[in-house]
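Topology and contacts: notes
The primary structure of each chain is shown beneath.
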Amino acid sequence: MPRGRYSLHDPHDHTPLGEEHFQCAPGPSGWRYVSQLTTPAGDHAGSVDLAVDELGRPIRLELHASSWQVRGAALDGVTWVRTDPTGTHATEGNAPAHAFTGTSPAFLVSTARLLRLTPDSPATRVRLVTFTHPVLAPRTVDQSWALVKREAHATDNGPLTVDEYQVSALDTGERRTVHLTGDVVLAAPGVELDDLESPPSAFDRLG
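In this report, we go over the structure that sits alongside the text. In this text the structure is predicted, and so the values were computed from the model without any measurement. (Residues numbered from 1 in each chain as written. Predicted model: local features only at pLDDT ≥ 70, side-chain atom pairs only at ≥ 80, totals over all residues. Heavy atoms only, no water.)

Here we look at the pattern of salt bridges
The final tally for this structure, using the stated rule, is nine salt bridges. Here D53 and R57 are joined by a salt bridge, their closest N and O atoms 2.7 Å apart. A residue is classified by how much of its surface remains accessible, and D53, at 8% relative accessible area, is buried. A salt bridge links D142 to R125; its shortest N-O distance comes to 3.4 Å. With D142 in strand β11 (residues 137-153) and R125 in strand β10 (residues 124-132), this pair connects stretches of sequence that are 17 residues apart. Among the charged side chains, a network of salt bridges with common partners joins R32, D49 and R60. (Salt bridge = Lys/Arg side-chain N within 4 Å of Asp/Glu carboxyl O. Buried < 20%, exposed > 50% of the residue type's maximum accessible area, 1.4 Å probe, protein only. Helix = DSSP H or I, 4+ residues; strand = E, 2+ residues; numbered from the N terminus.)

Examining the packing of aromatic side chains
The tally for this structure, following the rule as stated, stands at six aromatic pairs. Taking the centre distance of 4.4 Å and the plane angle of 20° together, the rings of Y6 and F22 count as stacked. Here the residue Y6 occupies a position in strand β1 (residues 3-9), and F22 occupies one in strand β2 (residues 16-27), the gap between them amounting to 16 residues. You can call Y6 buried: its relative accessible area is 1%. Look at F22 and you get buried, because its relative accessible area is 2%. Considering the side-chain rings of W31 and Y33, the 5.9 Å spacing of their centres and the 45° angle between planes classify their relative orientation as tilted. Exposure remark for W31: the relative accessible area of 5% places this residue in the buried category. Classification of Y33 as buried rests on a relative accessible area of 1%. (Phe/Tyr/Trp six-rings, centres within 6.5 Å; stacked < 30°, edge-to-face > 60°.)

Topic: the nonpolar core
In this structure, F131, W145 and Y165 are the most contacted members of the largest nonpolar core, which totals 45 residues. Examining the composition of this core, we find that seven residues originate from one element, helix α1 (residues 106-115), more than from any other. Contact partners of Y165, with chain neighbours within four places excluded, come to A112, L117, W145, A146, L147, R176, T177, V178 and L180. (Core = buried A, V, L, I, M, F, W, Y, C linked by side-chain atoms within 4.5 Å. Contact = heavy atoms within 4.5 Å.)

What to know about the pairing of strand β15 (residues 191-196)
With five bridges joining them, β1 and β15 adopt antiparallel strand pairing. Pairing of L8 across the sheet is with V191, part of β15. Where strand β14 (residues 184-188) lies against β15, two bridges are found, and the strand directions are antiparallel. Bridging across to β15, A187 finds its partner in E192. The loop that links β14 with its antiparallel partner β15 comprises two residues; one of these, G190, has a positive phi angle of about 85°. (Pairing = 2+ DSSP bridges.)

Comments concerning the side chain of S7
Position of S7 among the secondary structure elements: in strand β1. Engagement of the side chain of S7 in a polar contact is seen with the side chain of D194, the distance being 3.2 Å. Once residues within four sequence positions are removed from consideration, S7 is found in contact with G18, E19, G190, V191, E192 and D194. (Polar contact = N/O pair within 3.5 Å; in protein donor to acceptor, adjacent residues only side chain to side chain.)

Concerning unusual backbone geometry
Here the residue pair H133 and P134 is connected by a cis peptide bond, since its omega of 10° sits within 30 degrees of zero. Structurally, P134 can be placed in the loop between β10 and β11. Backbone geometry places D76, a non-glycine residue, at a positive phi of 55°. Along the chain, D76 falls in the loop between β6 (68-74) and β7 (78-83). On the basis of relative accessibility, which here comes to 66%, the residue D76 falls in the exposed class. The phi dihedral of L136 is positive, around 55°, even though this residue is not glycine. Note on placement: L136 falls in the loop between β10 and β11. On the basis of relative accessibility, which here comes to 0%, the residue L136 falls in the buried class.

Next comes the structure, spelled out in structure tokens:
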């Protein structure tokens, strides 16, 4: 069960955005990731709880940020309920998308799990719903994912397979490189792995 800490920063000007303390694990239904977010000053800033099935589809998503809350799942595309800070109003949303995304590294892992690319796979287009911080406003985005390299690195615990993805935003053309090993993000724009207490779970053990 990987447990650790990511540091988050603005991918453009590198302004620190805080930290994400996470744990994740494969389970009988797929994979689950839970985390607590803190500000650069160490104050609580929200949480992420994401569960995907064996095919990488979101079966439960719960986000908290700035008193806002989102609950969602794959249903007729993806469906969610967003609740305002007072808790008196809730709005429902639905989009013909494949899954959710957002600022958490969890979504990079879950999207890679959903697409199941190999180094010889063509670039694959995927439609996702993202929730922007700090008010968790929903927005539909189209991305292109390609697995450009897969390398095995020797470690004290045996070989570690690292996948390098190229992720492109189809509306702006912006490209970014994402490095994953199993269910842990090693590096991505705006994300750095600062601490990992146990080895990542390999994809072939995630269902």
